[in-house]
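Overview (structure and organization)
Here is how the chains run, residue by residue.
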Number of protein chains: 2
Amino acid sequence: MSPASKLLVDIHTHVYLPRYAALLRSRAGAAAVPFIRTNTTPEGLAEDRLLILDHEPSESLTSWSEKLKFMDKHGIDVSVVSTANPWLDFLPASQAHTLAAELNDDLEQYCSTGPSVSSSTQIKRLYGFGLLPLVPEITTSALLEIVNQISTLPHLRGLIMGTRGIGNGLDDEALEPVWAAIEKAGLVVFLHPHYGVDGSAWGDKDNGHVLPLALGFPFETTTVSSKYHFSFRIRPQREMKAATRLILSGVFDKFPNLRLLLAHSGGALPALSSRLASCIDHDPAVASRLKHDARYYLGKLYLDAVTYGPEELGFVSDVISRSAGYASVASVSKVANRSTGSKRMLFGTDHPFFPPLSATEKWKSVTENLEAIASVQGWSKGDKDGVRGRNALALFNLQG
Amino acid sequence: MSPASKLLVDIHTHVYLPRYAALLRSRAGAAAVPFIRTNTTPEGLAEDRLLILDHEPSESLTSWSEKLKFMDKHGIDVSVVSTANPWLDFLPASQAHTLAAELNDDLEQYCSTGPSVSSSTQIKRLYGFGLLPLVPEITTSALLEIVNQISTLPHLRGLIMGTRGIGNGLDDEALEPVWAAIEKAGLVVFLHPHYGVDGSAWGDKDNGHVLPLALGFPFETTTVSSKYHFSFRIRPQREMKAATRLILSGVFDKFPNLRLLLAHSGGALPALSSRLASCIDHDPAVASRLKHDARYYLGKLYLDAVTYGPEELGFVSDVISRSAGYASVASVSKVANRSTGSKRMLFGTDHPFFPPLSATEKWKSVTENLEAIASVQGWSKGDKDGVRGRNALALFNLQG
């Protein structure tokens, strides 16, 4: 087993817990996704198909043992597991509240009953991100109660959320007590897309799920969905906008120690951050609301390293590295060290999504992302070890 | 005056020609943007306000002499001028057809009556991108007739287009004869956003125009609007999707010499191109339609250098540089030379948009983009001169 500094830690890996799967299965007669339909295979066996997006036969569900099997196959020592989208977004408030508490307990058990990395360490192989009942009509006290629950469950080290908040996006003032509680508890928020962009943007050509997955999800992280509605059409740009709207709301000025981890390396936010800063510069009303240049706030983020290419990772690292230079206009330094940015980047796989076309091969989503990390120009061996695992051990306070 | 190798050439600069402005002014009673409203200033003077987006008082119009004044103020030797959005998108086919021909003649005159760069050169200070009547119901022969017209006007070196095509996006088979004619004529297509993404994605907070301009426009370039409709709401992710959908349609396999210039450095496409390649890899139906890995096609593009930051430019350059390595899977080379990518990148300003807050200062959109070019790590002095002007002289065949 690897020494702690060499552990491979996957921080972007999802699970459908049995209680959640049962709920979805009970919705098979429902008009709207998400639900699970039980099909019969050509061999006469029952097979569950999860439908989370209209017309999409989704990935098969994964069990606890399949997660560990996947980890073993790819040399992943530790996984920080999160419930996959769409979480509790489609439920009425009281049901979402009850289920969040139950699923958090379930996830704690899922992790705590797992093995340890080795006999010589306290580090377990499974940790988790809990769930908040982020739905319209939920009370602030219910949200704070669940934040508190998560903070008391020893194997949960953060929480995953989509981009809608309680219906008005993540820049909603109503969420400020929630950010404050999360910041105080030291939990990591994993911001993950689900809705993408309006499906009409993808055109009439049959491109499978390539466009909504390749572009839609990252767009969603960048901005964010504003209005809650129950149609689960593919609405992908909203993820990247989520983070942008959070920045524009001044949330990082109010909660400077909030630890926000963005899926898919922040979507398009790094690539558009100087354009964003320039647009803000031309709009005094927005500029005066923020303490810093927009590029400064990218250095407050943590980003997964799920970009599938080394040039992408190197650029994201540059964008984090340069952020300190934008604390004030006067201090802008022209040459930022790419190493600095690597400290806030963390390996992930997006398992169980993107399965290989043949069951025996290694998953490309794993091998491509590992190869990308290994190939980044300007990252030292230590930087790469950090992205593969050591940064996660520090962020989630996983001690040996 | 600079020697030809040192000329500063602005390839992203817009104009509202008098005939176009008159049309918009005549629509002031219309329910829908775009139109021009004539206001009275506090001093009692008439002042034109162009409204191209709902509720948006747009930039003031620019005249021929103001364009040259702007160029002189910033040391810009040559501008390749294009009609600003929304072009002819809102007109019925016959009117769009007539007006395209007239506006192309007007633009030829706008350019040809301008000065030369110096007495010792044939290079003029103004060149232009023509307009096609890309609207529903237009005939292919009308489109081909206008492509032909543009190719015969000596100062027009390309054409600008939005992302809707004739109503079904740019991956519409109906456009194939048009791509073929454009390729044959050697014209440059400048792909520019207008519609952005659905306004609801920006949320309820008043962020001025920051989100639709900073994020919406680049998203639009990346993908593209699919359905033509007359509501001019802000729909920004469609620009980047435009280019992605073109790639997925195999247009670069069919028309390998098509010269496509993307606004705003391709929006989020460079940052999401490895993710796109990975998603295609997992979808055999899409993968089998394309001759190459998606990343190969980014090397077929030309990209403006309008990103406002040196790290962004360097990354875009990397993405172009690596493209040759993706011609076939076997030939992937791990270290691409950043210089190569610079050859397809071209300085631009987005004038007359993003005016300074005070009339006397230099425009930040110019100074920031020039400073970004000057600061890219790994670009030689020659690479930077290329991006500032020499690449444009070659692409548009502007000879001294």
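Structural data are supplied above this passage.
Right, let's walk through the structure included here.

Scoring rules and cut-offs
The numbers attached to residues start from 1 for each chain and follow its sequence in the written order. Going through the entries in the order they are written, you letter the chains from A and number the ligands from 1. Given that this is a predicted model, residues contribute local features only at a pLDDT of at least 70 and side-chain atom pairs are listed and counted only at 80 or more, while totals for whole chains, interfaces and linings are drawn from all residues. As a convention, hydrogens and water are excluded, and side-chain values are obtained from all of the structure's heavy atoms. Only DSSP runs of H or I with at least four residues qualify as helices, and only runs of E with at least two residues qualify as strands; both kinds are numbered from the N terminus onward. We call two residues in contact whenever any of their non-hydrogen atoms come within 4.5 Å of each other. Here the Shrake-Rupley method, with its probe set to 1.4 Å, supplies the accessible areas, and only the displayed protein chains count as covering residues. Pairing of aromatic rings covers Phe, Tyr and the six-membered ring of Trp, with a centre-to-centre limit of 6.5 Å; geometry is then stacked below 30 degrees between planes, edge-to-face above 60, and tilted otherwise. Here's how the labels work: a residue is buried when its accessible area is under 20% of the maximum for its type, exposed when over 50%, partly exposed in between, all with a 1.4 Å probe on protein chains only. The pairing criterion is simple: DSSP has to find at least two bridges between the two strands. Axes here refer to lines fitted to C-alpha atoms; in helices the fit is confined to the stretch in contact. Angles between the N-to-C directions go from 0 to 180 degrees. Each salt bridge in this description consists of a side-chain nitrogen of Lys or Arg and a carboxyl oxygen of Asp or Glu lying within 4 Å of one another.

**Topic: the overall build of chain A**
What chain A contains, in helices and strands, is 15 helices and 10 strands. For chain A, the share of sequence-separated contacts (at least 6 apart) that also reach a separation of at least 24 residues comes to 71%. Summed over all atoms, the accessible surface of chain A reaches about 13,400 Å², with 53% contributed by carbon and sulfur.

**Brief notes about the packing of aromatic side chains**
According to the stated counting rule, one finds 13 aromatic pairs over all chains in the structure shown. Geometrically, the ring pair formed by Tyr296(A) and Tyr297(A) is edge-to-face, given 5.4 Å between the ring centres and 80° between the ring planes. Residue Tyr297(A) is classed as buried on the basis of its relative accessible area of 1%. Measuring from ring centre to ring centre gives 4.7 Å for Phe315(A) and Phe315(B), while their planes differ by 15°; the resulting arrangement is stacked. With Phe315(A) in helix H12 (residues 310-323) and Phe315(B) in helix H12 (residues 310-323), this pair bridges two chains. Members of the aromatic cluster, each reached through a chain of ring pairs, are Phe129(A), Phe190(A) and Phe396(A).

**Here we look at the sheet that holds strand S7 (residues 188-191) of chain B**
Residue and element names in this part refer to chain B. The sheet built from eight strands is open, its strands ordered S1-S4-S5-S6-S7-S8-S9-S10 with parallel pairing. In this open sheet, the two edge strands, each paired with only one partner strand, are strand S1 (9-15) and strand S10 (345-346). Judged from the four bridges that link them, strand S4 (residues 78-83) and strand S5 (residues 126-131) form a sheet pairing that is parallel. Bridge assignment links Ser82 to a residue of S5, and that residue is Phe129. Sheet strands touched by helix H3 (residues 93-112): S1, S4, S5 and strand S6 (156-161). Its angle to S5, the strand with the most contacts, is close to 175°.

**Quick notes on the environment of Leu262(A)**
In this fold, Leu262(A) is placed in strand S8 (residues 259-262). Those residues in contact with Leu262(A) that sit more than four places away from it in its chain are Phe190(A), Leu191(A), Thr221(A), Ala243(A), Leu269(A), Leu301(A), Tyr302(A), Leu303(A) and Asp304(A).

**A short note on the pattern of salt bridges**
Counting across every chain of the model gives 28 salt bridges over all chains. Here Asp383(B) and Lys343(B) are joined by a salt bridge, their closest N and O atoms 3.2 Å apart. Residue Asp383(B) is located in helix H15 (residues 381-395), and its partner Lys343(B) is located in the loop between helix H13 (338-342) and S10; the two are separated by 40 residues in the primary sequence. Asp383(B) gets classed as buried once you look at its relative accessible area, which sits at 6%. For Lys343(B), a relative accessible area of 44% gives the class partly exposed. Taken together, the salt bridges that share partners define one network made up of Lys6(A), Lys381(A), Asp385(A) and Arg388(A).

**A word on the sheet that holds strand S5 (residues 126-131) of chain A**
Residues and elements named next belong to chain A. The strand order across the open sheet built from eight strands is S1-S4-S5-S6-S7-S8-S9-S10, with neighbouring strands paired in parallel fashion. Two strands close off the open sheet at either side, each with one partner strand: strand S1 (9-15) and strand S10 (345-346). Here strand S6 (residues 156-161) pairs with strand S7 (residues 188-191) via four bridges, running parallel. Its bridge partner lying in S7, Leu159 is registered against Val189.

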